[in-house]
Amino acid sequence: MRYAPEIKPEHLFTGWFIFLPLFLFQTSLSVRIFQTVCVIALFILRGKRFKILPNILLFTGITAAHLLRPAGEVLLTVFGMPITKDALVSGVSRSLLLIGLVYVSRISISSRLLLPGRGGQLLGSVFFYFERITEIRYGNIWEKKGRVSLINAFTKYLDDILFLSDNLSEERTLSVRQNRYPGNKRYWMFMIPFLMFNGTLLILNYLKYL
């Protein structure tokens, strides 16, 4: 289910590409928490499925790895291992950075993205063909009994992949041109203040006000 109107892929890519340095160069932990929460919330509002378990594993894994190198004030000791403030802050910040980058990429990158130049066309084709291949299903392979039926079903699956015609490029371009994007204006009405706000936070951070 989609909770927001369609936005042109190039607009999505441009807005989030501008956001990237405002996120990457931010060193305030509180601001990074705010930015990551915003990115995940917008990801969910776009109708995407959010899985909490992989994020918990990623967060705990990176944070724990940083705790293995103690630095700064000792907060407590767990099984003889000191938990230090600098290591904890660094681990949390790095884990949030990686999680945020994952969801920024998932919001901004689309198989319908048309970038200028030969390299842009090639990259867009990669996204497009990957999406088409992942749409091809095995069918009811596991419901079919017998070795022959399983082999036939798997062979058909491979044929569907191998015989994706070159006309898909024309189909991709045509589908993009036929789409309407009623959400473009609303997107920029939100994105411009959002970028300006995050830019201000970055400036304040470097001026040591945060």
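All residue numbers here refer to positions counted from 1 along the written sequence of the relevant chain. Given that the model is predicted, a residue must reach a pLDDT of at least 70 before its local features are reported, and side-chain atom pairs must reach 80 or more before they are shown or counted; all residues, however, enter totals for whole chains, interfaces and linings. Side-chain numbers come from the whole structure's heavy atoms, not from hydrogens or water.

1. Topic: the overall build of the protein
Next, step 1: Numbered from the N terminus, helices here are DSSP runs of H or I no shorter than four residues, and strands are runs of E no shorter than two. A tally of regular secondary structure across the protein gives eight helices and two strands.
Next, step 2: Residues count as neighbours in contact if any of their non-hydrogen atoms are within 4.5 Å of one another. Considering only intrachain contacts with a sequence separation of at least 6, the fraction spanning at least 24 residues in the protein is 72%.
Next, step 3: Here, Shrake-Rupley sampling with a 1.4 Å probe gives the accessible areas, and only protein chains in the shown set may cover a residue. As displayed, the protein has an accessible area near 14100 Å², and 66% of this comes from carbon and sulfur atoms.

2. Examining a positive patch on the surface
Next, step 1: A contiguous patch of positive charge on the surface is contributed by K48, R49, K51 and R106.
Next, step 2: For R106, the location among the structural elements is in helix α4 (residues 85–108). The patch calculation keeps residues exceeding 30% relative accessible area without a salt bridge and links them within 9 Å when they carry like charges or within 5 Å when they are nonpolar (Val, Leu, Ile, Met, Phe, Trp, Tyr). Salt bridges, as used here, are contacts in which a Lys or Arg side-chain nitrogen is within 4 Å of a carboxyl oxygen on Asp or Glu. Residues scored as charged are limited to Lys and Arg (positive) and Asp and Glu (negative), so that His and the chain ends carry no count. Every charge is mapped to an atom, namely NZ of Lys, CZ of Arg, CG of Asp or CD of Glu.

3. Re the nonpolar core
Next, step 1: With 21 residues, the main nonpolar core has W16, F19, V39, I107 and M191 as its most contacted residues.
Next, step 2: When contributions to this core are tallied by element, the ones reaching two or more residues are α1 (9–24), α2 (29–45), α4 and α8 (184–206).
Next, step 3: Contact partners of V39, with chain neighbours within four places excluded, come to W16, F19, G100, Y103, V104 and I107. Among the buried residues, those of types Ala, Val, Leu, Ile, Met, Phe, Trp, Tyr and Cys that are joined through side-chain atoms within 4.5 Å form a nonpolar core. Remark: exposure states derive from per-residue accessible area (1.4 Å probe, protein chains only) relative to the maximum for the residue type, with buried under 20%, exposed over 50%, and partly exposed in between.

4. Quick notes on helix α3 (residues 52–67)
Next, step 1: Between the first and last residue of a helix there are one fewer steps than residues, each counted as 1.5 Å, and that sum is the expected span. Taking 1.5 Å of rise per residue, 16 residues should cover 22 Å, and α3 covers 22 Å from first to last C-alpha, within 8% of that figure.
Next, step 2: Among all positions of α3, only N55, I62, T63 and L67 are buried. End-on, the buried residues of α3 take up no more than an arc of 145°, which puts them together on one face. Exposed residues lying more than 90 degrees from the buried face of α3 are L53 and L57.
Next, step 3: Looking at the packing, one finds that the buried side of α3 touches β2 (81–84) and α4. Taking the helix axis as origin, the arc is that swept by the directions to the C-beta atoms.

5. Re the packing of aromatic side chains
Given two aromatic rings, their pairing is described by the distance between the two centres and the angle made by the two planes.
Next, step 1: Two rings from Phe, Tyr or Trp (for Trp, the six-membered ring) form a pair when their centres are within 6.5 Å of each other. A pair whose planes differ by under 30 degrees is stacked, one over 60 is edge-to-face, and the rest are tilted. Scanning the entire structure with this criterion turns up 10 aromatic pairs.
Next, step 2: With centroids separated by 5.2 Å and ring planes inclined at 85°, the aromatic side chains of W16 and F19 adopt a geometry described as edge-to-face. Of this pair, W16 and F19 both sit in helix α1, three residues apart, which is roughly one turn of the helix. The residues W16 and F19 share a single accessibility class, namely buried.
Next, step 3: Aromatic pair F34 and F197: ring centres 5.8 Å apart, planes at 80°, arrangement edge-to-face. With F34 in helix α2 and F197 in helix α8, the pair connects residues that are 163 residues apart, well separated along the chain.
Next, step 4: We classify F197 as partly exposed; its relative accessible area is 43%.

6. Focus: the environment of S28
Next, step 1: Along the chain, S28 falls in the loop between α1 and α2.
Next, step 2: For the pair formed by S28 and L204, sequence separation is 176 residues and the distance between their alpha carbons is 9.9 Å.
Next, step 3: In this structure S28 touches N205 and L210, once residues within four positions along its chain are discounted.

7. A look at the pairing of β2
Next, step 1: Two strands are said to pair when DSSP picks up at least two bridges between them. As paired elements, strand β1 (residues 74–78) and β2 share four bridges and run antiparallel to each other. For V78, the partnering residue across the bridge sits in β2 and is M81.
Next, step 2: In this antiparallel pair of consecutive strands, β1 and β2, the connection spans two residues, and F79 shows a positive phi of 50°.

8. Details of the confidence of the model for the protein
Next, step 1: One confidence number per residue, pLDDT, is output by the predictor and ranges from 0 to 100. Here the protein averages 79 in pLDDT, and 69% of its residues register 70 or above.
Next, step 2: Predicted confidence for residues 136–145 stays below pLDDT 50, and this span has 12 contacts to residues more than four positions away or in other chains.

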